[in-house]
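Structure at a glance
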Amino acid sequence: MNRRRWLTGAAATLGAALVSACDRVTNAPSVRQALRMAEGLTRRVQRLILPREALAPTYDRADISPDFRPNGSIDPQASDYLALKAGGFADYRLVVDGLVERPLSLSLADLRARPAQSQITKHDCVEGWTSIAEWTGVRLAALLDEAGLKPQARYIVFHCFDALDQREDGERYYESIDLIDARHPQTILAWAMNGRTLAVPHGAPLRLRVERQIGYKHAKYIRRIEAVESFAHLGGGRGGYWEDRGYEWYAGI
Ligand SMILES: Nc1nc2c(c(=O)[nH]1)N[C@H]1C(S)=C(S)[C@@H](COP(=O)(O)O)O[C@H]1N2
Ligand SMILES: [Mo]
């Protein structure tokens, strides 16, 4: 196939995969291969066109969606999560470890005591809906600087409490991003939504906002942040719960 036809085919395949529901993924090796190639292209093109720190659009309070839809896990049943929830997350600790000089263990009070940032942005789900909300939290870059990334660190992994099948031993949600997105000025760990404490359906007590990427990259119910050199050893090796099921790793919008 010549390059142009391949690109057209890959774009069509990617488009088809993107409109399918989050839980419906094609597993044909050719499709997965095409997705991976198209994805590398998307990431390289976006990195070329956009400056490192290009901002996602922001909106006004009046634009906030009255009914922001919760999606994916909305009520995790893992026993460790239920115990923390029962105590109002007073015993919650966010662990930051992996390839860092100084591992961190932070309570919600610790997180709230750090400089907060708010942003009103549009969330874009692969299923085809969007919603606008105001998110408040701490910049991920600030926590990474506090922990001190070792030179080998290349990706940041988010380990979550929820298993989509709601089984105690089920595979828990996870995601990963590169250091450019991790250090992006709009990448925050949010503990509030629309001025209120983050609710369980939207990822309490802490979720990621990585504004230049699509919905499934925004890990909810974060329990641990790990700096790694490679994510090949995690889950199915593709860097995230949905990526392991065929979705693209770099889901820039
Ligand atoms: N831990 C976890 N994070 C997750 C999910 C999930 O199921 N579990 N779903 C993802 C998807 S597909 C979307 S669209 C958003 C939904 O966020 P919301 O519930 O606030 O709308 O969370 C993302 N992060
Ligand atoms: Mo989504």
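Let me begin by describing the structure that accompanies this report. Starting afresh in each chain, residues are numbered from 1 along the sequence in its written order. Chain A is the first chain written and ligand 1 is the first ligand written, with later ones labelled in order. Whole-chain, interface and lining totals are the exception, using all residues; otherwise, since this is a predicted model, local features are given only for residues with pLDDT of at least 70 and side-chain atom pairs are given and counted only at 80 or more. Working from all heavy atoms in the structure, the side-chain values ignore hydrogens and water.

Once that is clear, we can look at the overall build of the protein chain. Helix numbering and strand numbering both begin at the N terminus, where a helix is a DSSP run of H or I of at least 4 residues and a strand a DSSP run of E of at least 2. For the protein chain, the count of helices and strands is six helices and 10 strands. Taking all 253 residues of the protein chain together, the buried fraction comes to 51%. Residue pairs at least 24 apart in sequence account for 72% of intrachain contacts in the protein chain once pairs closer than 6 positions are excluded. Entry remark: accessible area of the protein chain is about 11900 Å², with carbon and sulfur atoms responsible for 53%. The rule is simple: take the accessible area with a 1.4 Å probe, protein chains only, and divide by the maximum for that residue type; under 20% is buried, over 50% is exposed, in between is partly exposed. Should any heavy atoms of two residues lie within 4.5 Å, those residues are counted as being in contact. Residue exposure ignores everything except the shown protein chains as possible cover, and the areas themselves are Shrake-Rupley values with a 1.4 Å probe.

Let's shift gears to the nonpolar core. Only buried residues count toward a nonpolar core. Its members are Ala, Val, Leu, Ile, Met, Phe, Trp, Tyr and Cys residues joined through side-chain atoms within 4.5 Å. If you look at the biggest cluster of nonpolar residues, it comprises 56 residues, and the most contacted ones within it are Leu94, Leu111, Leu140, Ile156, Phe158, Leu189 and Ile225. The element best represented in this core is strand β7 (residues 188-193), accounting for six residues. Among all residues touching isoleucine 156, those that are not within four sequence positions of it are Leu140, Leu144, Leu149, Glu175, Ser176, Ile177, Leu179, Ala182, Ile225, Glu226 and Ala227. Listed in part, the eight residues of the second largest apolar core include Tyr174, Leu234, Trp249 and Tyr250.

Right, let's get into the environment of tyrosine 155. Looking at the element boundaries, tyrosine 155 is found in strand β5 (residues 155-163). As for tyrosine 155 and valine 228, which are separated by 73 residues in sequence, their C-alpha atoms are 5.4 Å apart. Ignoring any residue separated from it by four or fewer positions in sequence, one finds tyrosine 155 in contact with Ile177, Asp178, Glu226, Ala227, Val228, Glu229, Ser230, Phe231 and Trp249. Here a polar contact means two N or O atoms within 3.5 Å. Within protein one must be a hydrogen donor candidate and the other an acceptor candidate, and residues neighboring in sequence count only if both atoms are side-chain atoms. In terms of polar contacts, tyrosine 155 uses its side chain to reach the side chain of arginine 154, at 3.5 Å.

The omega torsion across alanine 204 and proline 205 is 5°, close enough to zero to call that bond cis. One can find proline 205 in the loop between β8 (196-197) and β9 (207-209). A positive phi is found at phenylalanine 89, a non-glycine position, where the angle reads about 65°. Looking at the element boundaries, phenylalanine 89 is found in the loop between α3 (79-86) and β1 (94-98). One non-glycine residue, tyrosine 221, lies in positive phi territory at about 50°. One can find tyrosine 221 in the loop between β9 and β10 (222-228).

Now for the pairing of strand β6 (residues 172-178). Along any regular strand, the residues point their side chains to alternate faces of the sheet. Along β6, seven of the seven residues are buried, which leaves the element largely enclosed by surrounding structure. Across the two faces of β6 the burial is the same, with Arg172, Tyr174, Ser176 and Asp178 and Tyr173, Glu175 and Ile177 all buried. Paired strands, in this sense, are two strands between which DSSP finds at least two bridges. Pairing geometry for β5 and β6, over six bridges, is antiparallel. What sits directly across from valine 157, in β6, is serine 176.

Within the secondary structure, aspartate 145 sits in helix α5 (residues 140-147). Setting aside residues up to four positions removed in sequence, aspartate 145 forms contacts with Arg102 and Arg183. Within the structure, aspartate 145 has its side chain in polar contact with the side chain of arginine 183 (distance 3.0 Å).

Take the side chain of histidine 184 next. Of note, histidine 184 is situated in the loop between α6 (179-183) and β7. For histidine 184, a relative accessible area of 1% translates into the label buried. There is a polar contact of 2.7 Å between the side chain of histidine 184 and the backbone oxygen of alanine 54.

This next bit is on the sheet that holds β1. Taken in spatial order, the five strands make up an open sheet running β2-β1-β10-β5-β6, and their pairing is mixed. Among the strands making up the open sheet, the edge pair consists of β2 (104-106) and β6. Strand-to-strand twist across the sheet, computed as the mean angle between neighbouring axes with direction ignored, equals 15°. Between N-to-C directions, angles cover 0 to 180 degrees, with each direction set by a line fitted to C-alpha atoms, over the stretch in contact for helices. Across the sheet, α5 is in contact with β1, β2, β5, β6 and β10; its angle to β2 comes to roughly 130°.

All right, on to the site of ligand 1 then. Ligand 1 sits among 23 residues. The nearest are Arg69, Asp162, His202, Arg207 and Lys220. Arginine 69 has a polar backbone atom sitting 2.5 Å from an oxygen atom of ligand 1. Between ligand 1 and histidine 218, the relevant distance is 2.9 Å, taken from a nitrogen atom to a main-chain nitrogen or oxygen of the residue. In the complex, 100% of the free accessible area of ligand 1, which totals 530 Å², lies under the protein chains. We call a residue near a molecule or strand whenever a single non-hydrogen atom of that residue lies within 4 Å of it.

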